[in-house]
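Listed below, chain by chain, are the residues.
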Amino acid sequence: MDIHVIFIIFSVVLNTVSSGKHDKYAGYTVHGVHLRDVQDQRVLYELQHKLNLDMWRYGVPGDRPSLVMLSPKQADVVLNELDRYGIKHYLDVADVFWNLAEFDQNLISYRRSRSERLVPFEDYPTHAEVNAYLERVAAQYPEIVTLVTAGKSWESRDIKYLKISTTNFTDSSKPIYFMMAMLHAREWVTTPVTLYSIHRLVENLRNEDRDLLEGTDWIILPMANPDGYEYSISDDRMWRRTRSNRPEISTTCVGVDGNRNFDALYQPSNNPCSLTFPGPHAFSEIETRIVRDILHKYVDRIQVHLDIHSHGNYVLFPWGDGTLTPNAAQLFHVGSVMGAAMDSMKLPSAGFYRVGNSALIL
Ligand SMILES: [Zn+2]
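Rules used in this analysis
Residues numbered from 1 in each chain as written. Predicted model: local features only at pLDDT ≥ 70, side-chain atom pairs only at ≥ 80, totals over all residues. Heavy atoms only, no water. Phe/Tyr/Trp six-rings, centres within 6.5 Å; stacked < 30°, edge-to-face > 60°. Helix = DSSP H or I, 4+ residues; strand = E, 2+ residues; numbered from the N terminus. Buried < 20%, exposed > 50% of the residue type's maximum accessible area, 1.4 Å probe, protein only. Lys NZ or Arg CZ within 6 Å of the ring centre and 35° of its normal. Contact = heavy atoms within 4.5 Å. Donors = N, O, S within 2.8 Å, 3.2 Å for Na, K, Ca; no water. Tetrahedral: all angles 85-135°; square planar, octahedral: opposite > 155°, others 65-115°. Disulfide = S-S within 2.5 Å. Expected span 1.5 Å × (residues − 1). Lys, Arg positive; Asp, Glu negative; His and termini not counted. Salt bridge = Lys/Arg side-chain N within 4 Å of Asp/Glu carboxyl O. Polar contact = N/O pair within 3.5 Å; in protein donor to acceptor, adjacent residues only side chain to side chain.

The next subject is the packing of aromatic side chains. In the structure shown here, the tally under the stated rule is 11 aromatic pairs. When the ring of Phe-121 is compared with that of Tyr-196, the centres are 5.3 Å apart and the planes differ by 65 degrees; the resulting orientation is edge-to-face. In this pair, Phe-121 is assigned in the loop between helix 4 (96–114) and helix 5 (127–140) and Tyr-196 in helix 6 (residues 190–203), connecting sequence segments 75 residues apart. For Phe-121, a relative accessible area of 17% puts it in the buried group. Given the relative accessible area of 34%, Tyr-196 is considered partly exposed. Aromatic side chains Tyr-231 and Trp-239 sit 5.1 Å apart centroid to centroid with 75 degrees between the ring planes, which places their arrangement in the edge-to-face category. Classification of Trp-239 as buried rests on a relative accessible area of 11%. The lysine or arginine in question, Arg-64, covers the ring of Tyr-314, its NZ or CZ lying 5.1 Å from the ring centre.

Given below as structure tokens:
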């Protein structure tokens, strides 16, 4: 071990000890679970709901393992249970605390190495930085960009989106592409995808992409859940939910799973501390109501609504109960083209994109 390595480890200790932010994940582990079939999937699904397990990634039987985070207490029960069913598993992250500390350290080093040259889509920008970027782009390109402040989050942060159009949204024959990200707070990598899309459409349009701008109107909402995101920066890196606080429902657990808060297959729950708590009723959250209102306003013209999540390389389409929409064949076709395009540019270490109905794939 050379002196450089020692220094890095030492500074990791200093940083984390001083903040204590990741303390609650000391001793937590992440396990890969090899699913053989739907039966194994069901075993893991039932454990997840019984023990409120934090799934990092859903797997596909015979193809890619699930990743599940376990507290020391959960690990005893879950690993025994998997063994009992003959389901193979392996240790993926030996200590989540150290994993998160290392992530912080790498991010600090990366930012230092880029110094002034860092642009928002090459970073994990704060909510304020995202809004500043949207404001700058709108001010600089008023002929094609309109900035909309859709409302305020539970904690009063402005939720903004851009409308990008060469015809100021007046040509009703154009389809609308509605792209959004960061409904789940900890999925940090999703917002830069939207910012890069804005950059490519507005600031750096290439000739071969000209039809994307001219033939389509765009709605891009980079940060649907800013409260959760800021909380995941300041307090809990693994935070997923919104930050709505309703003492009449729970005095200990705040927020709801935004994904499950829509009035589509909404499933009531009386466990507000569950990681997948859908909220006291559909659209209880201002953050999901904002998405709903965009969809309602433009429903006649929206041809794609892409909600970006991480992690796991999937292109998924409705519904969550395994039933299909009438246009499922077209969705599968479009999803396959998207998946293949992303496959052609993915890192060698990343898995190929799997395409299909969310319930049937996951
Ligand atoms: Zn998600």
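Having seen the model, we can carry on.
Turning our eyes to something else, we now look at the environment of Leu-118. Mapped onto the elements of the fold, Leu-118 is located in the loop between helix 4 and helix 5. Leaving out residues up to four positions away in the same chain, Leu-118 has contacts with Tyr-110, Arg-111 and Asp-123.

This next bit is on the coordination of the zinc ion. Coordination of the zinc ion by the protein involves His-184 (ND1), Glu-187 (OE), Glu-187 (OE) and His-309 (ND1), with metal-donor separations of 2.0 to 2.3 Å. Geometry at the zinc ion is irregular, judged from the four donor atoms that bind it and their angles of 58 to 145 degrees at the metal. Counting residues between consecutive donors of the zinc ion along the chain gives the motif H-x2-E-x121-H. Here His-309 lies in the loop between strand 9 (302–308) and strand 10 (314–317) and His-184 lies in the loop between strand 7 (176–181) and helix 6, a separation of 125 residues in the sequence.

Right, let's get into the state of the cysteines. Inspection of every chain in the model, using the stated rule, returns one disulfide. Disulfide pairing places Cys-253 opposite Cys-273 at an S-S distance of 2.0 Å. Note on the Cys-253 and Cys-273 pair: the S-S dihedral is about 100 degrees, so by sign convention the disulfide is right-handed. Taken together, the positions of Cys-253 in the loop between helix 8 (226–234) and helix 9 (286–298) and Cys-273 in the loop between helix 8 and helix 9 put the pair 20 residues apart, joining distant regions of the chain. For Cys-273, a relative accessible area of 29% translates into the label partly exposed.

In this section: helix 3 (residues 72–84). For helix 3, spanning 13 residues, the distance from its first C-alpha to its last is 19 Å, which sits close to the expected 18 Å at 1.5 Å a residue. On the buried face of helix 3, the contacting elements are strand 1 (29–33), helix 2 (38–51), strand 3 (66–70) and strand 4 (89–93). Of the residues one or two after helix 3, Gly-86 is the one with positive phi, at around 70 degrees.

A word on the side chain of Glu-287. As for its placement among the helices and strands, Glu-287 is situated in helix 9. Buried within the structure, Glu-287 lacks any salt-bridge partner; Arg-246 is the closest side chain of opposite charge, at an N-O distance of 7.2 Å. Only 3.1 Å separates the side chain of Glu-287 from the backbone nitrogen of Trp-154, close enough to count as a polar contact. Residues in contact with Glu-287, not counting those within four places in the same chain, are Ser-153, Trp-154, Ile-159, Ala-224, Asn-225, Asp-227 and Thr-242.

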